[in-house]
Amino acid sequence: MKIRTRFAPSPTGRMHVGNLRTALYSYLIAKHEGGDFILRIEDTDQVREMEGAVDIINRTLEKTGLKHDEGPDKDGGVGPYVQSERQASGLYMEYAKKLIEKGEAYYCFCDKERLETLKTSMGEDGKEITIYDKHCLSLTKEEVQANLDAGKPFVIRQNNPREGQTTFHDEIYGDISVDNSELDDMILIKSDGFPTYNFANVVDDHLMGITHVVRGNEYLSSSPKYNRLYAAFGWEPPIYVHCPLITDEDHKKLSKRSGHSSFEDLLEQGFLAETIVNFVALLGWSPEGDREIFSLDELIKEFDFRRITKSPSVFDYTKLKWMNGEYIKAMDDETFMKMASPYFDEYLNPGLDRDRIGAMVKTRIEIFPDIKELVDFFNELPEYDPEMYCHKKMKTSKESSLEVLKELLPILEAQDDYSNDALYQTLQDYAKEHEYKNGYVLWPVRTAVSGKQMTPAGATEIMEVLGKEESLSRIRRGIELLAN
(Lines give C-alpha, C1' and ligand atoms only; values in the text may rest on other atoms or scores of the structure.)
Protein backbone atom coordinates (compact mmCIF):
# COMPACT_ATOMS: atom_id res chain seq x y z
CA MET A 1 0.00 0.00 0.00
CA LYS A 2 1.43 3.38 -1.00
CA ILE A 3 1.21 5.84 1.86
CA ARG A 4 -0.70 9.01 1.03
CA THR A 5 -1.00 11.84 3.54
CA ARG A 6 -2.51 15.28 3.21
CA PHE A 7 -2.26 18.72 4.67
CA ALA A 8 -5.65 20.40 4.49
CA PRO A 9 -5.48 23.92 5.93
CA SER A 10 -8.27 26.50 5.97
CA PRO A 11 -7.20 29.84 4.44
CA THR A 12 -7.90 31.94 7.54
CA GLY A 13 -4.58 33.74 8.16
CA ARG A 14 -1.01 33.03 9.18
CA MET A 15 0.01 29.42 9.71
CA HIS A 16 -0.12 28.52 13.39
CA VAL A 17 2.75 26.43 14.77
CA GLY A 18 0.28 23.59 15.43
CA ASN A 19 -0.79 23.61 11.77
CA LEU A 20 2.82 23.68 10.64
CA ARG A 21 3.54 20.64 12.82
CA THR A 22 0.54 18.82 11.26
CA ALA A 23 1.92 19.61 7.79
CA LEU A 24 5.43 18.55 8.79
CA TYR A 25 4.40 15.25 10.39
CA SER A 26 2.12 14.44 7.43
CA TYR A 27 5.01 15.18 5.07
CA LEU A 28 7.51 13.12 7.10
CA ILE A 29 5.20 10.10 7.41
CA ALA A 30 4.73 10.05 3.63
CA LYS A 31 8.33 10.72 2.67
CA HIS A 32 9.79 8.28 5.24
CA GLU A 33 7.96 5.51 3.33
CA GLY A 34 8.41 6.98 -0.17
CA GLY A 35 4.74 8.02 -0.30
CA ASP A 36 2.78 11.06 -1.54
CA PHE A 37 2.09 14.28 0.32
CA ILE A 38 -1.02 16.13 -0.85
CA LEU A 39 -2.08 19.76 -0.34
CA ARG A 40 -5.82 20.41 -0.18
CA ILE A 41 -7.35 23.81 0.57
CA GLU A 42 -10.41 23.55 2.82
CA ASP A 43 -12.26 26.79 2.12
CA THR A 44 -15.81 25.72 2.96
CA ASP A 45 -16.00 28.21 5.86
CA GLN A 46 -16.51 31.27 3.68
CA VAL A 47 -17.06 33.59 6.67
CA ARG A 48 -13.61 33.00 8.20
CA GLU A 49 -11.70 32.96 4.91
CA MET A 50 -9.07 35.69 4.67
CA GLU A 51 -7.85 37.26 1.46
CA GLY A 52 -4.25 36.31 0.68
CA ALA A 53 -4.29 33.35 3.11
CA VAL A 54 -3.79 30.77 0.33
CA ASP A 55 -0.63 32.68 -0.67
CA ILE A 56 0.56 32.48 2.95
CA ILE A 57 0.01 28.69 2.93
CA ASN A 58 1.96 28.27 -0.34
CA ARG A 59 4.75 30.57 0.82
CA THR A 60 5.08 28.75 4.15
CA LEU A 61 5.29 25.32 2.53
CA GLU A 62 7.84 26.62 0.03
CA LYS A 63 10.04 28.23 2.71
CA THR A 64 9.93 25.15 4.94
CA GLY A 65 10.74 22.80 2.03
CA LEU A 66 7.51 20.78 2.45
CA LYS A 67 6.93 20.25 -1.27
CA HIS A 68 3.59 18.65 -2.12
CA ASP A 69 3.28 15.92 -4.75
CA GLU A 70 -0.33 16.84 -5.58
CA GLY A 71 -2.34 19.99 -4.95
CA PRO A 72 -4.19 22.88 -6.61
CA ASP A 73 -1.19 23.42 -8.92
CA LYS A 74 -0.35 19.71 -9.46
CA ASP A 75 -3.30 17.50 -10.31
CA GLY A 76 -2.61 13.85 -9.57
CA GLY A 77 -5.94 12.72 -10.96
CA VAL A 78 -8.12 13.16 -7.84
CA GLY A 79 -8.66 16.93 -8.06
CA PRO A 80 -9.84 19.58 -7.78
CA TYR A 81 -7.84 20.16 -4.58
CA VAL A 82 -9.83 23.19 -3.42
CA GLN A 83 -13.03 22.29 -1.56
CA SER A 84 -15.13 25.17 -2.91
CA GLU A 85 -14.34 23.92 -6.45
CA ARG A 86 -15.32 20.38 -5.44
CA GLN A 87 -18.50 21.74 -3.82
CA ALA A 88 -19.44 23.60 -7.01
CA SER A 89 -19.69 20.26 -8.83
CA GLY A 90 -22.33 19.06 -6.35
CA LEU A 91 -19.98 16.35 -5.04
CA TYR A 92 -20.75 16.70 -1.33
CA MET A 93 -24.50 16.96 -1.81
CA GLU A 94 -24.36 13.82 -3.93
CA TYR A 95 -22.63 11.89 -1.11
CA ALA A 96 -24.94 13.34 1.55
CA LYS A 97 -27.95 12.13 -0.43
CA LYS A 98 -26.41 8.64 -0.60
CA LEU A 99 -26.39 8.63 3.21
CA ILE A 100 -30.03 9.82 3.28
CA GLU A 101 -30.98 6.87 1.06
CA LYS A 102 -29.23 4.51 3.49
CA GLY A 103 -30.97 6.06 6.52
CA GLU A 104 -27.59 7.30 7.80
CA ALA A 105 -28.49 10.98 7.35
CA TYR A 106 -31.66 13.10 7.13
CA TYR A 107 -32.98 16.53 6.17
CA CYS A 108 -33.51 18.91 9.08
CA PHE A 109 -35.80 21.93 8.61
CA CYS A 110 -35.70 23.25 12.20
CA ASP A 111 -35.32 27.03 12.37
CA LYS A 112 -33.04 28.96 14.68
CA GLU A 113 -35.84 29.65 17.18
CA ARG A 114 -36.64 25.96 17.63
CA LEU A 115 -32.96 25.03 18.03
CA GLU A 116 -32.67 27.73 20.73
CA THR A 117 -35.39 26.00 22.77
CA LEU A 118 -33.62 22.63 22.82
CA LYS A 119 -32.26 21.59 26.17
CA THR A 120 -28.67 22.70 26.60
CA SER A 121 -26.10 21.19 28.87
CA MET A 122 -22.67 22.32 29.95
CA GLY A 123 -19.73 21.00 27.97
CA GLU A 124 -16.34 20.20 29.50
CA ASP A 125 -15.12 23.73 28.80
CA GLY A 126 -18.13 25.26 30.56
CA LYS A 127 -19.88 26.27 27.32
CA GLU A 128 -23.50 25.40 26.69
CA ILE A 129 -23.98 22.68 24.08
CA THR A 130 -27.10 21.70 22.23
CA ILE A 131 -27.89 18.07 21.56
CA TYR A 132 -30.29 17.86 18.62
CA ASP A 133 -33.43 15.84 19.46
CA LYS A 134 -33.81 14.09 16.05
CA HIS A 135 -37.14 15.95 15.58
CA CYS A 136 -36.90 15.95 11.76
CA LEU A 137 -35.92 12.28 11.56
CA SER A 138 -39.60 11.42 12.08
CA LEU A 139 -40.74 13.37 8.99
CA THR A 140 -42.26 11.20 6.27
CA LYS A 141 -40.83 11.18 2.75
CA GLU A 142 -43.87 13.16 1.62
CA GLU A 143 -43.37 15.82 4.33
CA VAL A 144 -39.70 16.12 3.44
CA GLN A 145 -40.52 16.49 -0.26
CA ALA A 146 -43.23 19.09 0.47
CA ASN A 147 -40.71 21.15 2.48
CA LEU A 148 -38.12 20.88 -0.29
CA ASP A 149 -40.68 21.86 -2.96
CA ALA A 150 -41.70 24.86 -0.84
CA GLY A 151 -38.03 25.99 -0.78
CA LYS A 152 -37.82 25.66 3.01
CA PRO A 153 -34.23 26.09 4.25
CA PHE A 154 -32.59 22.88 5.47
CA VAL A 155 -29.42 21.27 6.69
CA ILE A 156 -28.50 17.59 6.34
CA ARG A 157 -27.62 15.85 9.59
CA GLN A 158 -25.79 12.62 10.34
CA ASN A 159 -28.07 10.00 11.91
CA ASN A 160 -26.06 8.71 14.87
CA PRO A 161 -27.39 5.99 17.17
CA ARG A 162 -28.18 6.92 20.78
CA GLU A 163 -27.46 3.44 22.18
CA GLY A 164 -24.17 1.56 22.55
CA GLN A 165 -20.61 2.73 21.94
CA THR A 166 -18.34 3.67 19.07
CA THR A 167 -14.68 2.64 19.28
CA PHE A 168 -11.88 3.89 17.09
CA HIS A 169 -8.14 3.30 17.11
CA ASP A 170 -5.50 6.01 17.19
CA GLU A 171 -1.82 5.14 16.66
CA ILE A 172 -0.74 7.36 19.56
CA TYR A 173 -3.66 7.14 22.02
CA GLY A 174 -4.73 3.55 21.33
CA ASP A 175 -8.37 2.41 21.34
CA ILE A 176 -10.85 5.08 22.43
CA SER A 177 -14.51 4.30 23.09
CA VAL A 178 -17.27 6.88 23.24
CA ASP A 179 -20.88 6.43 24.34
CA ASN A 180 -23.13 7.02 21.34
CA SER A 181 -25.39 9.11 23.58
CA GLU A 182 -22.61 11.73 23.46
CA LEU A 183 -22.57 11.86 19.65
CA ASP A 184 -24.72 14.69 18.37
CA ASP A 185 -26.30 14.37 14.93
CA MET A 186 -23.71 16.67 13.41
CA ILE A 187 -24.56 18.76 10.37
CA LEU A 188 -23.07 17.45 7.12
CA ILE A 189 -24.44 20.04 4.67
CA LYS A 190 -25.07 23.60 5.93
CA SER A 191 -28.06 25.74 4.95
CA ASP A 192 -25.88 27.58 2.38
CA GLY A 193 -25.28 24.25 0.59
CA PHE A 194 -21.66 24.07 1.68
CA PRO A 195 -20.42 20.94 3.48
CA THR A 196 -19.16 21.20 7.03
CA TYR A 197 -15.45 20.77 7.60
CA ASN A 198 -16.06 17.34 9.17
CA PHE A 199 -18.10 15.92 6.29
CA ALA A 200 -15.99 17.29 3.43
CA ASN A 201 -12.91 15.96 5.20
CA VAL A 202 -14.15 12.38 5.24
CA VAL A 203 -15.42 12.41 1.64
CA ASP A 204 -12.25 14.00 0.29
CA ASP A 205 -9.88 11.79 2.29
CA HIS A 206 -11.60 8.70 0.91
CA LEU A 207 -11.75 9.91 -2.70
CA MET A 208 -8.12 11.04 -2.59
CA GLY A 209 -6.96 7.70 -1.17
CA ILE A 210 -5.54 9.18 2.03
CA THR A 211 -4.04 6.38 4.17
CA HIS A 212 -2.86 8.34 7.24
CA VAL A 213 -4.60 11.33 8.81
CA VAL A 214 -2.48 13.52 11.08
CA ARG A 215 -4.17 16.16 13.23
CA GLY A 216 -4.16 17.75 16.68
CA ASN A 217 -5.61 15.83 19.63
CA GLU A 218 -8.44 18.39 19.90
CA TYR A 219 -10.03 16.31 17.11
CA LEU A 220 -10.02 13.11 19.16
CA SER A 221 -13.60 13.78 20.29
CA SER A 222 -14.77 14.18 16.65
CA SER A 223 -13.13 10.97 15.44
CA PRO A 224 -16.02 8.64 16.41
CA LYS A 225 -18.32 10.73 14.18
CA TYR A 226 -15.80 10.44 11.33
CA ASN A 227 -15.59 6.70 11.82
CA ARG A 228 -19.39 6.39 11.80
CA LEU A 229 -19.39 8.18 8.44
CA TYR A 230 -16.77 5.79 7.05
CA ALA A 231 -18.87 2.86 8.30
CA ALA A 232 -22.08 4.37 6.86
CA PHE A 233 -20.44 4.60 3.42
CA GLY A 234 -18.85 1.15 3.79
CA TRP A 235 -15.36 2.66 3.46
CA GLU A 236 -12.12 1.69 5.19
CA PRO A 237 -11.11 4.43 7.68
CA PRO A 238 -7.56 5.82 7.49
CA ILE A 239 -4.86 5.33 10.13
CA TYR A 240 -5.25 8.14 12.67
CA VAL A 241 -2.28 9.93 14.20
CA HIS A 242 -3.38 12.54 16.76
CA CYS A 243 -0.62 14.87 17.99
CA PRO A 244 -0.31 16.24 21.53
CA LEU A 245 -1.28 19.76 22.53
CA ILE A 246 1.36 22.50 22.21
CA THR A 247 1.48 24.78 25.25
CA ASP A 248 3.41 27.91 26.17
CA GLU A 249 5.91 27.93 29.03
CA ASP A 250 3.04 28.49 31.51
CA HIS A 251 1.43 25.26 30.22
CA LYS A 252 -1.44 27.17 28.64
CA LYS A 253 -2.54 26.44 25.08
CA LEU A 254 -0.34 28.29 22.60
CA SER A 255 -2.52 31.16 21.42
CA LYS A 256 -2.26 33.72 18.63
CA ARG A 257 -1.69 36.36 21.30
CA SER A 258 1.57 34.72 22.41
CA GLY A 259 3.50 36.61 19.70
CA HIS A 260 5.32 33.54 18.43
CA SER A 261 2.45 31.26 17.50
CA SER A 262 2.78 31.45 13.72
CA PHE A 263 5.54 30.62 11.25
CA GLU A 264 5.58 34.19 9.91
CA ASP A 265 5.78 35.66 13.45
CA LEU A 266 8.92 33.62 14.01
CA LEU A 267 10.49 34.60 10.68
CA GLU A 268 9.88 38.26 11.54
CA GLN A 269 11.63 37.73 14.88
CA GLY A 270 14.77 36.62 13.06
CA PHE A 271 14.45 32.84 13.15
CA LEU A 272 15.55 30.72 10.19
CA ALA A 273 13.01 28.54 8.39
CA GLU A 274 15.29 25.48 8.88
CA THR A 275 15.44 26.11 12.64
CA ILE A 276 11.65 26.43 12.90
CA VAL A 277 11.14 23.13 11.02
CA ASN A 278 13.71 21.35 13.22
CA PHE A 279 12.21 22.79 16.43
CA VAL A 280 8.59 22.05 15.44
CA ALA A 281 9.53 18.44 14.60
CA LEU A 282 10.56 17.97 18.24
CA LEU A 283 7.28 19.35 19.62
CA GLY A 284 5.81 15.95 20.41
CA TRP A 285 8.24 13.62 18.66
CA SER A 286 11.55 12.38 19.99
CA PRO A 287 14.23 10.69 17.91
CA GLU A 288 16.36 7.84 19.23
CA GLY A 289 19.34 9.19 21.15
CA ASP A 290 20.03 12.73 22.36
CA ARG A 291 20.57 14.44 19.04
CA GLU A 292 18.51 17.60 18.46
CA ILE A 293 19.80 19.23 15.27
CA PHE A 294 18.31 17.70 12.09
CA SER A 295 18.04 18.85 8.49
CA LEU A 296 14.75 18.10 6.71
CA ASP A 297 16.38 15.19 4.84
CA GLU A 298 17.67 13.78 8.13
CA LEU A 299 14.18 14.11 9.66
CA ILE A 300 12.70 12.16 6.72
CA LYS A 301 15.18 9.36 7.39
CA GLU A 302 14.71 9.33 11.18
CA PHE A 303 10.98 9.98 11.53
CA ASP A 304 8.93 7.19 13.09
CA PHE A 305 5.47 8.46 14.01
CA ARG A 306 5.15 5.78 16.69
CA ARG A 307 7.61 7.85 18.74
CA ILE A 308 5.12 10.74 19.01
CA THR A 309 4.23 11.32 22.65
CA LYS A 310 0.79 11.73 24.25
CA SER A 311 1.79 14.40 26.77
CA PRO A 312 1.59 18.13 25.89
CA SER A 313 4.66 19.71 24.30
CA VAL A 314 6.03 22.96 25.68
CA PHE A 315 7.03 25.65 23.20
CA ASP A 316 10.37 26.49 24.82
CA TYR A 317 11.34 29.85 23.34
CA THR A 318 14.79 29.75 24.99
CA LYS A 319 15.53 26.40 23.35
CA LEU A 320 14.32 27.72 19.98
CA LYS A 321 16.76 30.64 20.28
CA TRP A 322 19.62 28.33 21.23
CA MET A 323 18.84 26.10 18.25
CA ASN A 324 18.73 29.10 15.91
CA GLY A 325 22.15 30.18 17.21
CA GLU A 326 23.52 26.73 16.33
CA TYR A 327 22.14 27.04 12.79
CA ILE A 328 23.70 30.51 12.41
CA LYS A 329 27.10 29.25 13.63
CA ALA A 330 26.98 26.43 11.05
CA MET A 331 26.19 28.82 8.19
CA ASP A 332 28.85 29.62 5.61
CA ASP A 333 30.16 33.17 5.90
CA GLU A 334 28.76 34.34 2.57
CA THR A 335 25.19 33.29 3.48
CA PHE A 336 25.55 34.79 6.94
CA MET A 337 26.71 38.16 5.58
CA LYS A 338 23.86 38.18 3.08
CA MET A 339 21.28 37.59 5.84
CA ALA A 340 22.98 39.98 8.28
CA SER A 341 23.32 42.71 5.65
CA PRO A 342 19.96 44.47 6.35
CA TYR A 343 20.90 44.74 10.04
CA PHE A 344 24.37 46.10 9.24
CA ASP A 345 22.77 48.60 6.84
CA GLU A 346 20.59 49.83 9.68
CA TYR A 347 23.03 49.75 12.60
CA LEU A 348 26.53 50.32 11.17
CA ASN A 349 28.02 53.48 9.72
CA PRO A 350 29.48 53.19 6.21
CA GLY A 351 33.24 52.70 6.20
CA LEU A 352 33.34 50.21 9.08
CA ASP A 353 34.77 46.78 8.22
CA ARG A 354 31.58 44.73 7.95
CA ASP A 355 33.33 41.43 7.21
CA ARG A 356 35.41 41.80 10.37
CA ILE A 357 32.38 42.76 12.47
CA GLY A 358 30.37 39.92 10.88
CA ALA A 359 33.02 37.41 11.95
CA MET A 360 32.80 38.81 15.49
CA VAL A 361 29.02 38.57 15.88
CA LYS A 362 28.28 35.36 13.95
CA THR A 363 29.04 33.03 16.86
CA ARG A 364 27.48 35.34 19.45
CA ILE A 365 23.93 35.86 18.17
CA GLU A 366 20.90 33.58 18.45
CA ILE A 367 18.59 35.60 16.19
CA PHE A 368 19.54 38.29 13.67
CA PRO A 369 17.97 41.20 15.60
CA ASP A 370 20.57 40.46 18.34
CA ILE A 371 23.07 42.15 16.00
CA LYS A 372 21.92 45.65 17.00
CA GLU A 373 22.89 45.22 20.66
CA LEU A 374 26.31 43.90 19.66
CA VAL A 375 27.33 46.45 17.02
CA ASP A 376 25.68 49.79 17.77
CA PHE A 377 28.66 50.97 19.88
CA PHE A 378 30.91 50.90 16.78
CA ASN A 379 28.97 53.90 15.42
CA GLU A 380 29.04 55.95 18.57
CA LEU A 381 30.27 55.42 22.12
CA PRO A 382 27.18 55.08 24.33
CA GLU A 383 26.73 56.86 27.67
CA TYR A 384 27.95 54.43 30.33
CA ASP A 385 28.36 54.16 34.09
CA PRO A 386 31.98 54.36 35.36
CA GLU A 387 31.07 51.54 37.78
CA MET A 388 31.54 49.25 34.77
CA TYR A 389 35.30 49.60 35.26
CA CYS A 390 35.00 47.65 38.52
CA HIS A 391 35.37 43.93 37.83
CA LYS A 392 35.79 41.48 40.70
CA LYS A 393 37.34 38.68 38.67
CA MET A 394 39.80 41.02 36.90
CA LYS A 395 40.48 42.76 40.27
CA THR A 396 39.94 46.17 38.66
CA SER A 397 38.56 49.33 40.28
CA LYS A 398 37.86 52.85 39.01
CA GLU A 399 41.19 54.00 40.48
CA SER A 400 43.24 51.17 38.96
CA SER A 401 41.49 51.58 35.60
CA LEU A 402 42.23 55.32 35.54
CA GLU A 403 45.91 54.63 36.26
CA VAL A 404 46.15 51.96 33.51
CA LEU A 405 44.43 54.15 30.88
CA LYS A 406 46.56 57.21 31.70
CA GLU A 407 49.77 55.19 31.43
CA LEU A 408 48.67 53.47 28.20
CA LEU A 409 47.51 56.64 26.42
CA PRO A 410 50.97 57.96 25.37
CA ILE A 411 52.09 54.42 24.39
CA LEU A 412 49.02 54.01 22.13
CA GLU A 413 49.41 57.56 20.76
CA ALA A 414 52.94 56.69 19.67
CA GLN A 415 51.89 53.41 18.03
CA ASP A 416 51.15 53.39 14.28
CA ASP A 417 50.29 49.72 13.74
CA TYR A 418 46.66 49.33 14.85
CA SER A 419 46.23 45.72 13.79
CA ASN A 420 44.79 43.38 16.40
CA ASP A 421 48.04 41.43 16.81
CA ALA A 422 50.22 44.52 17.24
CA LEU A 423 47.83 46.13 19.73
CA TYR A 424 47.51 42.92 21.73
CA GLN A 425 51.31 42.62 21.91
CA THR A 426 51.57 46.23 23.16
CA LEU A 427 49.02 45.66 25.96
CA GLN A 428 50.63 42.33 26.89
CA ASP A 429 54.10 43.95 27.10
CA TYR A 430 52.69 46.73 29.29
CA ALA A 431 51.01 44.18 31.63
CA LYS A 432 54.21 42.10 31.84
CA GLU A 433 56.37 45.15 32.60
CA HIS A 434 54.08 46.17 35.49
CA GLU A 435 53.49 42.56 36.61
CA TYR A 436 49.74 42.87 35.96
CA LYS A 437 47.50 40.05 34.81
CA ASN A 438 46.27 40.57 31.24
CA GLY A 439 42.63 41.06 32.32
CA TYR A 440 43.67 43.86 34.68
CA VAL A 441 44.76 45.84 31.60
CA LEU A 442 42.34 44.57 28.93
CA TRP A 443 39.13 45.15 30.93
CA PRO A 444 39.54 48.94 31.36
CA VAL A 445 40.62 49.32 27.70
CA ARG A 446 37.63 47.31 26.44
CA THR A 447 35.25 49.29 28.66
CA ALA A 448 36.70 52.60 27.42
CA VAL A 449 36.51 51.74 23.70
CA SER A 450 33.05 50.08 23.83
CA GLY A 451 31.11 51.53 26.77
CA LYS A 452 29.53 48.07 27.09
CA GLN A 453 29.78 45.12 29.43
CA MET A 454 29.07 42.63 26.65
CA THR A 455 30.93 43.00 23.37
CA PRO A 456 31.35 40.70 20.36
CA ALA A 457 35.13 40.81 20.63
CA GLY A 458 38.08 41.75 22.82
CA ALA A 459 39.58 45.23 23.33
CA THR A 460 42.22 45.05 20.58
CA GLU A 461 39.89 43.57 17.94
CA ILE A 462 37.47 46.44 18.61
CA MET A 463 40.31 48.99 18.35
CA GLU A 464 41.41 47.54 15.01
CA VAL A 465 37.89 48.11 13.60
CA LEU A 466 37.58 51.61 15.15
CA GLY A 467 41.03 52.70 13.99
CA LYS A 468 43.63 54.78 15.82
CA GLU A 469 41.90 58.15 15.99
CA GLU A 470 38.53 56.87 17.30
CA SER A 471 40.17 54.41 19.74
CA LEU A 472 42.31 57.18 21.30
CA SER A 473 39.33 59.55 21.45
CA ARG A 474 37.33 56.94 23.42
CA ILE A 475 40.22 56.19 25.80
CA ARG A 476 40.56 59.94 26.52
CA ARG A 477 36.82 60.07 27.29
CA GLY A 478 37.26 57.10 29.64
CA ILE A 479 40.05 58.93 31.48
CA GLU A 480 37.88 62.06 31.74
CA LEU A 481 34.89 60.06 33.06
CA LEU A 482 37.02 58.30 35.69
CA ALA A 483 38.89 61.48 36.69
CA ASN A 484 35.58 63.24 37.36
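Note that this is a predicted model, so its numbers are computed, not measured.

Caption draft 1: A look at the pattern of salt bridges. Following the criterion strictly, the structure yields 32 salt bridges and no others. Notably, a salt bridge pairs Glu 94 with Lys 98, separated by 3.9 Å at the nearest N-O pair. Highlighted residues: Glu 94 and Lys 98, both in helix α4 (residues 91-102), separated by 4 residues, approximately one helical turn. On the basis of relative accessibility, which here comes to 42%, the residue Glu 94 falls in the partly exposed class. The exposure class assigned to Lys 98 is partly exposed, which follows from its relative accessible area of 35%. Glu 292 serves as the salt-bridge partner of Lys 319, at 2.5 Å between the closest nitrogen and oxygen. Of the two residues, Lys 319 is situated in helix α12 (residues 317-330) and Glu 292 in the loop between α10 (273-281) and α11 (296-302); the sequence distance between them amounts to 27 residues. By relative accessible area, Glu 292 is classed as partly exposed at 28%.

Caption draft 2: Representation of the environment of Phe 303. Along the chain, the position of Phe 303 falls in the loop between α11 and β13 (313-314). Phe 303 sits in the buried class, given a relative accessible area of 1%. Considered as a pair, Phe 303 and Glu 70 are 233 residues apart in the sequence and their alpha carbons are 22 Å apart. With near-sequence residues (within four places) excluded, Phe 303 lies in contact with Tyr 25, Leu 28, Ile 29, His 32, Trp 285 and Ile 308.

Caption draft 3: Local environment of unusual backbone geometry. Residue Gly 79 is joined to Pro 80 through a cis peptide bond whose omega torsion reads 0°. By secondary structure assignment, the location of Pro 80 is in the loop between α2 (53-64) and α3 (83-88). Residues other than glycine seldom take positive phi values, yet Glu 435 does so here, at roughly 60°. For Glu 435, the location among the structural elements is in the loop between α17 (420-433) and α18 (438-450).

Caption draft 4: Examining the nonpolar core more closely. Of all hydrophobic cores here, the largest spans 131 residues; its most connected members are Phe 199, Val 375 and Phe 378. The element that contributes the greatest number of residues to this core is helix α1 (residues 17-32), accounting for 9 residues. Contact partners of Phe 199, with chain neighbours within four places excluded, come to Tyr 92, Tyr 95, Ala 96, Leu 99, Leu 188, Ile 189, Leu 229 and Phe 233. Listed in part, the 7 residues of the second largest apolar core include Tyr 106, Cys 110, Cys 136 and Val 155.

Analysis parameters
- Residues numbered from 1 in each chain as written.
- Predicted model: local features only at pLDDT ≥ 70, side-chain atom pairs only at ≥ 80, totals over all residues.
- Heavy atoms only, no water.
- Salt bridge = Lys/Arg side-chain N within 4 Å of Asp/Glu carboxyl O.
- Helix = DSSP H or I, 4+ residues; strand = E, 2+ residues; numbered from the N terminus.
- Buried < 20%, exposed > 50% of the residue type's maximum accessible area, 1.4 Å probe, protein only.
- Contact = heavy atoms within 4.5 Å.
- Core = buried A, V, L, I, M, F, W, Y, C linked by side-chain atoms within 4.5 Å.

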